[in-house]
Amino acid sequence: MTIPREVAIVVGRPPMDKGMVLPELLEGLGLDPGAEEGRRWAVRCAHALGLEGIAVHMQPGEELVWFSDDTSARLADAQFTLGQGPGLDEDEAEVPLQVADVRTSADHRWQQFAAEAEILGVRAVFVWPLRSGAARLGTLTGYRSTPGTLTTQQAQDGLAMADVLAGRLLSWHPGSTAPGDGPGTAGVLELHRAEVHQATGVLSYQLGVPMDEALAHLRARAFAAGQPLTDVARALLSQLPST
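It should be emphasised that the depicted structure is a prediction, and the values quoted were computed from it without experimental measurement. (Residues numbered from 1 in each chain as written. Predicted model: local features only at pLDDT ≥ 70, side-chain atom pairs only at ≥ 80, totals over all residues. Heavy atoms only, no water.)

1. Examining the pattern of salt bridges
To be explicit about the condition: By definition here, a salt bridge exists when the distance from a side-chain nitrogen of Lys or Arg to a carboxyl oxygen of Asp or Glu is within 4 Å. A helix here means a DSSP run of H or I that spans at least four residues, while a strand means a run of E at least two residues long, and both kinds are numbered starting from the N terminus. Burial classes: relative accessible area under 20% of the type maximum marks a residue as buried, over 50% as exposed, and values in between as partly exposed (1.4 Å probe, protein chains only).
Inspection of the entire model under this criterion finds four salt bridges. With a closest N to O distance of 3.9 Å, D70 and R74 form a salt bridge. Taken as a pair, D70 and R74 lie in helix 4 (residues 70-82) at a separation of four residues, close to a single helical turn. D231 serves as the salt-bridge partner of R234, at 3.1 Å between the closest nitrogen and oxygen. With R234 and D231 both in helix 9 (residues 229-238) and three residues apart, this pair spans about one turn of that helix. Judged by relative accessible area, which is 40%, R234 ranks as partly exposed.

Shown next as structure tokens:
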């Protein structure tokens, strides 16, 4: 029995002709589908690139704005907590940056990240920059549980996806209630680390240190506790007196 094309898309498995699917996926990134449908859309995009999951970060601050699954989010949190990983490397000599096997290919600068990735069952990581001209707006990061590089077509499709997502970031005004602004303007994108930024501000005030130093303190707490940075930030904020 032939499965209708629209059914194949709904269940998150892209049809065999990915050349036909990718333009529709890219067009859909501008929609405002809600959190759950947005997550499913991310899964479809990951599958179209031959990946098991993807995540999008916005710079500065490596704000996580979109991810497909729990592993993608935890991988992003590991990178953010440790302050190291391929997504933080601004050397764009290779686009996409391909870590074909974290066991053998991880740069010495990413040893802790590589160890965390293996714990999550991640063997390969791929990073595309989100750019507007020469300005780097963020990154699109994908992973697989099996080692190996991307095909040429997958690498090119990832660049096309990164270009569309860069446009969404440029049009996004998080927190705005003005018509045409807000998360809906950027489609699937939304903030996921607001608590980390709030906790960093609290620590900056309590310790009398700059924001970047306060974030380093927060990261150290998370690393020592073996917890995601977001969990440590949430715990710190919960200790504040209610107003």
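Back to the text.
2. Topic: helix 9
Which entries qualify depends on this criterion: Directions drawn from the helix axis to the C-beta atoms are what define this arc.
For helix 9, the complete set of buried residues consists of L229, T230, V232, A233, L236 and L237. The buried residues of helix 9 all sit within an arc of 160° when viewed along its axis, so they share a single face.

3. Topic: the nonpolar core
Where we set the bar: Residues grouped as a nonpolar core are buried Ala, Val, Leu, Ile, Met, Phe, Trp, Tyr and Cys residues, joined through side-chain atoms within 4.5 Å. By the convention used here, residues are in contact when the closest approach between their heavy atoms is within 4.5 Å.
One finds L51, I54, W66, W128, L130 and L140 to be the most contacted residues of the largest nonpolar core, which totals 25 residues. Breaking this core down by element, the ones donating at least two residues are helix 3 (35-48), strand 1 (53-58), strand 2 (63-67), strand 4 (124-132), strand 5 (135-144) and helix 6 (152-170). In terms of residues, this core owes the most to one element, helix 6, which gives six residues. With residues up to four places along the chain from it excluded, the contact list for W128 reads L49, L51, P96, G138, T139, L140, L150, Q154, A155, G158, L159 and A162. V232, A233, L236 and L237 belong to the second-largest nonpolar core, a separate cluster that totals 15 residues.

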